[in-house]
Amino acid sequence: MFVAEKMMMMTRTRTTTTVFTNSRSKRSERIIIKRLRFRRRAKVEEDKEEVFDEIPVLSGERFLQLHREKSTPDDDDENCLQLAMYSSHVRAITTDSESFVMKVDDHGFHRGHAVFDTVSIDAETRTFQDLDYHLDRLKTSAEMAFLTFPKGLESLDSLARIVKETVSAAFEEKERRQRGRSPSSSDCCSSMMQARFYLTAGVGGFSLSAKECAEGSNFYCVVIERTKAETTKALRARTTPIAVKNKPFSNIKSTNYLQNCMITTDAEMHGADVGIWVANDGKVLEGPSANVAFVDDRGIFIAPKVDDVLDGVTMRRCFEFVEKGLLADVGVVECERRDCSFRELVLERRAKECMMIGSVVQCVPIEKWDDVDIGRDEGENCRNKVAVRLKELLEKDARGIRVS
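A short tour of the structure in this document, coming up.

Calculation rules
Residues numbered from 1 in each chain as written. Predicted model: local features only at pLDDT ≥ 70, side-chain atom pairs only at ≥ 80, totals over all residues. Heavy atoms only, no water. Helix = DSSP H or I, 4+ residues; strand = E, 2+ residues; numbered from the N terminus. Buried < 20%, exposed > 50% of the residue type's maximum accessible area, 1.4 Å probe, protein only. Areas by Shrake-Rupley, 256 points an atom, 1.4 Å probe, with all protein chains shown as cover. Axes fitted to C-alpha atoms, helices over the stretch in contact; angles between N-to-C directions. Parallel < 35°, antiparallel > 145°, perpendicular 65-115°, else oblique. Contact = heavy atoms within 4.5 Å. Nonpolar A, V, L, I, M, F, W, Y, C, P; charged D, E, K, R; others polar. Salt bridge = Lys/Arg side-chain N within 4 Å of Asp/Glu carboxyl O. Core = buried A, V, L, I, M, F, W, Y, C linked by side-chain atoms within 4.5 Å. Phe/Tyr/Trp six-rings, centres within 6.5 Å; stacked < 30°, edge-to-face > 60°. Lys NZ or Arg CZ within 6 Å of the ring centre and 35° of its normal. Left-handed = near helix turned anticlockwise from the far one by under 90°. Pairing = 2+ DSSP bridges.

### Quick notes on the overall build of the protein
- Of the regular secondary structure elements, the protein holds 10 helices and 15 strands.
- Looking at the 404 residues of the protein, the share that counts as buried comes to 44%.
- Accessible surface computed for the protein: about 22,500 Å², of which carbon and sulfur atoms make up 51%.

### A few points about the packing of helix H8 (residues 313-323) against helix H10 (residues 385-398)
- Following both chains from N to C, one finds H8 and H10 inclined at 110°, their axes separated by 11 Å at the closest point. The orientation of H8 with respect to H10, classified from their angle, is roughly perpendicular. Residues Thr314, Arg317, Cys318 and Phe321 of H8 lie in contact with H10, whose contacting residues are Leu390, Leu393, Leu394 and Asp397.
- Each residue belonging to the contact of H8 with H10 can be placed in one class, and the counts come to five nonpolar, one polar and two charged.

### What about the pattern of salt bridges?
- This model, assessed by the stated rule, comprises 32 salt bridges.
- With a closest N to O distance of 4.0 Å, Arg350 and Glu344 form a salt bridge.
- Judged by relative accessible area, Arg350 falls into the partly exposed class, the value being 37%.
- Close ionic contact of Glu392 with Arg389 constitutes a salt bridge, the shortest N to O distance being 3.7 Å. Note that Glu392 and Arg389 are positioned in helix H10 at a spacing of three residues, about one turn of the helix.
- By relative accessible area, which is 38% here, Glu392 ends up partly exposed.

### Looking at the nonpolar core
- Judged by nonpolar contacts, the single largest core of 33 residues is most densely connected at Phe197 and Phe219.
- Of all the elements in the fold, those that place two or more residues in this core are strand E3 (80-87), strand E5 (114-122), helix H5 (131-144), helix H6 (156-178), strand E6 (191-200) and strand E7 (218-227).
- Val278, Val284, Val292 and Ile374 belong to the second largest nonpolar core, which has 23 residues in total.

### Examining the environment of Ser191
- Within the secondary structure, Ser191 is located in strand E6.
- Separated by 68 residues in the primary sequence, Ser191 and Ala123 have C-alpha atoms spaced 6.2 Å apart.

### Description of the packing of aromatic side chains
- Within the structure shown, the criterion is met by seven aromatic pairs.
- Ring geometry for Phe116 versus Tyr257: centroids 5.5 Å apart, planes at 75°, classification edge-to-face. One end of the pair, Phe116, is in strand E5; the other, Tyr257, is in the loop between strand E8 (235-239) and helix H7 (258-269), and 141 residues separate them in sequence.
- Members of the aromatic cluster, joined through ring pairs, are Tyr86, Phe197 and Phe219.
- We note Arg126 situated over the ring of Phe171; from NZ or CZ to the ring centre the distance is 4.0 Å.
- Lying over the aromatic face of Tyr133, Arg316 brings its terminal NZ or CZ to 4.8 Å of the ring centre.

### What about unusual backbone geometry?
- The omega angle of the peptide bond from Lys247 to Pro248 is 5°, so this bond is cis rather than trans.
- Mapped onto the elements, Pro248 comes out in the loop between E8 and H7.
- The phi dihedral of Arg126 is positive, around 60°, even though this residue is not glycine.
- By secondary structure assignment, the location of Arg126 is in the loop between E5 and H5.
- Notably, Gln362 is not glycine yet its phi reads approximately 65°, a positive angle.
- Counting through the fold element by element, Gln362 comes out in strand E14 (residues 362-369).

### Thoughts on the packing of H5 against H8
- Remark: H5 packs on H8, axes separated minimally by 10 Å, with the N-to-C direction vectors making an angle of 130°. Relative to H8, H5 is oriented oblique. Our pair here, H5 against H8, has a crossing hand that is right-handed. In this structure, H5 uses Tyr133, His134 and Arg137 to contact H8, whose residues at the interface are Val313, Arg316 and Glu320.

### Comments concerning the environment of Asn260
- Mapped onto the elements of the fold, Asn260 is located in helix H7.
- Exposure remark for Asn260: the relative accessible area of 5% places this residue in the buried category.
- Setting aside anything within four residues of it in sequence, one finds Asn260 in contact with Lys245, Trp277 and Pro288.

### Observations concerning the sheet that holds E5
- On the basis of which strands lie adjacent, the open sheet formed by five strands has the order E4-E3-E7-E6-E5 and antiparallel pairing. Edge positions in the sheet fall to strand E4 (92-94) and E5, since each has one partner strand and no second. Averaged over all neighbouring strand pairs, the angle between strand axes comes to 20°, with direction disregarded.

### Considerations on the pairing of E3
- In terms of burial, E3 is a largely internal element, six of the eight residues being buried.
- Summarising the sheet, E3 and E7 pair through seven bridges and their orientation is antiparallel. Within the sheet, the bridge partner assigned to Ala84 lies in E7 and is Val223.
- Relative to E4, E3 is paired through three bridges, and the arrangement is antiparallel. If you follow Met85 over to E4, its bridge partner there is Thr94.
- The antiparallel hairpin formed by E3 and E4 contains four residues in its connecting segment, where Arg91 sits at a positive phi of about 55°.

Here you go:
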């Protein structure tokens, strides 16, 4: 009787009152009490109501309406505007950013069976930076991931047409938003537009096999605009403890970026700007979204072999600059792909310069790596001169200015 009296309690919710009596077994009472305690803890901060009281079942129309209301307007984040999206699932383009959606049963979402690539577009000249290279790499990644392109989009020319038309719609949308809008601080900054395109296995079911994707693969293209930093701020790097991506996955540009996100978070937690993979044998590999390059003590521009890392399009362009003699004025006339020893280049300070190179960052120097100063002996006037020169060349190239 004592147990029953001890368990007697009353818990109020918005609509019901629950009374526990001695008619319940001890075990049932313990389970229910535990559930009630959990319900008390599970509060929604916004309205302080219990989340398990009512979960409404809505019509599709109302569900989508709430989804749209939860979307963040682009005006709240002027540093990254979402301008246009193409989806092969509906074979159309939209400039309504709240409608940039994909189905939850797309295998690219719930299984990560997808590849992607990104091309930069100069916001002033509307010049694409190496679109053909990026589409070619998408095709290579797709073949390695056993993905085919949607019907009617098998050729790279057809994909290029979709990307260009989506970008054109994005520029029109940007102009529409700017009409009648008062100038903001972001208008004074230069910006960079990006077209991100994705190829997924398609929609249908939740298993591993793409056989259930009856309509075949999907191609998406999303165009965004980001405010571009004008300064070349040197980075602090950290050798990441996160596991290295092994071949063939290190050579496929897939949407499986969990390790990349973990590298970034780990670096931020330890006061660094970027994390970099170093293999167990001491070879420098790459960062989470950009390649790594050095200028060694002989003045040679070097980068890891493409067998070990993703073949970066922007890195490829940097090698072309060196081969054309465009960096002779900063003392670099040779380049090579080879094993880059972390011990020799960083710990023994044989690197005059180190830098991150990619389509988003272009070229940014690294001045400190695991508390080791890089290029310190070069003096402040000569430090990072190659990285600065490469950034200038890449930005001119992005605007369509001939740099030969």
